[in-house]
Amino acid sequence: MTTTVTDLAALESRAAGELAACADEPALRAWNTRYFGKTGEMAAALKAVGSVEPAQRKAYGQEANRVKEALTAAYDAALAARQEADLLKSLAEDKLDVTLPGRSPQPGRLHLVTQTLREIYAIFADLGFQVFRSREVESDELNFGQLNMPPHHPARDMWDTFHTTTPGVLLRTHTSPGQIHVMRQACPDPVRAILPGMCYRFEQITTRSEMQFVQVEGLAVGPGITMTDLKGTIQAFARRLFGQERQIRIRSSYFPFTEPSIEVDVDWPADDPNRDRLTKGTGWLEIMGAGMVHPTVLRNGGYDPAKVSGFAFGMGPQRIAMLRHAIDDIRLFWGNDLRFLSQF
Ligand code: DAH
């Protein structure tokens, strides 16, 4: 342990010698840690003042401080000289290879689902529809009850549901409960809205289905709205999205919240080599469920079904994206694999 002025002299000359022998910057930094680090020798020597005999303490303390300052100054000068020399050397010797190809930045991009949704928003915006956002954690009452499916209604079996631990609270199985929210907010004014968002179903995950997926709901409510309006709206939408030649076909169907209920098919281009596979040989492809809003649902939204009517539809943008880009596995959307995502 360093406790005398003689010890300090020995420490100083050893440290100065080692400093002079440091060949590069890492060696200099290691030296600094060795002497001035928390447990370094110089730090210990300074701390040792307390254990020096009282008679010598003052002289020891002064000398320790002087040695510390001298070594610090020597280190700073050595480091600066080393860095300067390294820089000059690198300027003289390192050559810039201007023929080296640059590193191109990797800009981010919008997810295919977002791109598809934005196309859908743009088309419906031209048709006068606003985007309305509705909650993903929903009450049983709005997801089912207010949509004309009271408890124990067999139609509830159409949706395999994730229930939360709070009774009566679930993850919405479809965007349709947003119809009630938007109607209650707009009533008594007319509604023309699309409601995009994530939905959840407790399904077996296969190439054709996922537990979570995006839907776009549509709703129009007002005086004198008819099935013809629904048909025209869907036709205009299908043509904007899939091409000006597209025809739509309507089949009768069943949903508890619409009456009558339909399913809509679009004819698929005859020159698409995937046509047979996609349409199972029929030439027609289902794109959505739809119908005239059930009077009970209108009433639940606050409207008088004697005065207004409405249409609604629900579609899956992921399915639409799959059709347009010949994607054969819906799990790719949330798989976060850049090899897939960066293709779009
Ligand atoms: N909610 C239905 C589903 O997820 C889709 C649907 C069908 C929505 C008909 C509608 C509709 O608005 O009118 O299966």
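Scroll up for the structure.
Just so it is clear, the model here is predicted, and its values are computed rather than measured.

Rules of the game
Residues numbered from 1 in each chain as written. Predicted model: local features only at pLDDT ≥ 70, side-chain atom pairs only at ≥ 80, totals over all residues. Heavy atoms only, no water. Salt bridge = Lys/Arg side-chain N within 4 Å of Asp/Glu carboxyl O. Helix = DSSP H or I, 4+ residues; strand = E, 2+ residues; numbered from the N terminus. Buried < 20%, exposed > 50% of the residue type's maximum accessible area, 1.4 Å probe, protein only. Near = heavy atom within 4 Å. Polar contact = N/O pair within 3.5 Å; in protein donor to acceptor, adjacent residues only side chain to side chain. Areas by Shrake-Rupley, 256 points an atom, 1.4 Å probe, with all protein chains shown as cover. 1 Å grid on protein atoms, 1.4 Å probe; cavity = no way out; pocket = protein on both sides within 12 Å on 5 of 7 lines; lining within 4 Å. Sits in = over half its atoms within 2 Å of the grid points. Core = buried A, V, L, I, M, F, W, Y, C linked by side-chain atoms within 4.5 Å.

## A word on the pattern of salt bridges
Then, number 1: Under the criterion given, the structure shown has 18 salt bridges.
Then, number 2: For E18, the salt bridge is made with R34, and the minimal N-O distance between the two is 2.9 Å. Taken together, the residues E18 in helix α1 (residues 5-21) and R34 in helix α2 (residues 25-36) connect sequence positions 16 residues apart.
Then, number 3: Owing to a relative accessible area of 41%, R34 belongs among the partly exposed residues under this scheme.
Then, number 4: Sharing partners across several salt bridges, the network here consists of R249, R251, E263, D265 and E286.

## Details of the site of the ligand
Then, number 1: In the vicinity of the ligand, 16 residues are found, and the nearest of them are H174, S176, R201, Q215 and E217.
Then, number 2: Residue Q179 places a side-chain N or O atom 3.2 Å away from an oxygen atom belonging to the ligand.
Then, number 3: Between the ligand and the protein, one listed contact pairs an oxygen atom with a side-chain N or O atom of E217 at 2.6 Å.
Then, number 4: Isolated, the ligand exposes 360 Å² of accessible area, and the fraction of that covered by the protein chains is 92%.
Then, number 5: Given that more than half its atoms are within 2 Å of the pocket grid, the ligand belongs to the largest pocket.
Then, number 6: Those elements that provide at least two residues to the shell around the ligand are β5 (212-222), β8 (284-293) and β9 (309-315).

## Topic: the nonpolar core
Then, number 1: Residues F237, F313 and M315 are the most contacted members of the largest nonpolar core, which totals 44 residues.
Then, number 2: Considering each element in turn, this core owes the most residues, seven residues, to helix α5 (residues 112-126).
Then, number 3: The next biggest cluster of nonpolar side chains, apart from the first, holds 25 residues, and it includes F132, W159, M183 and V297.

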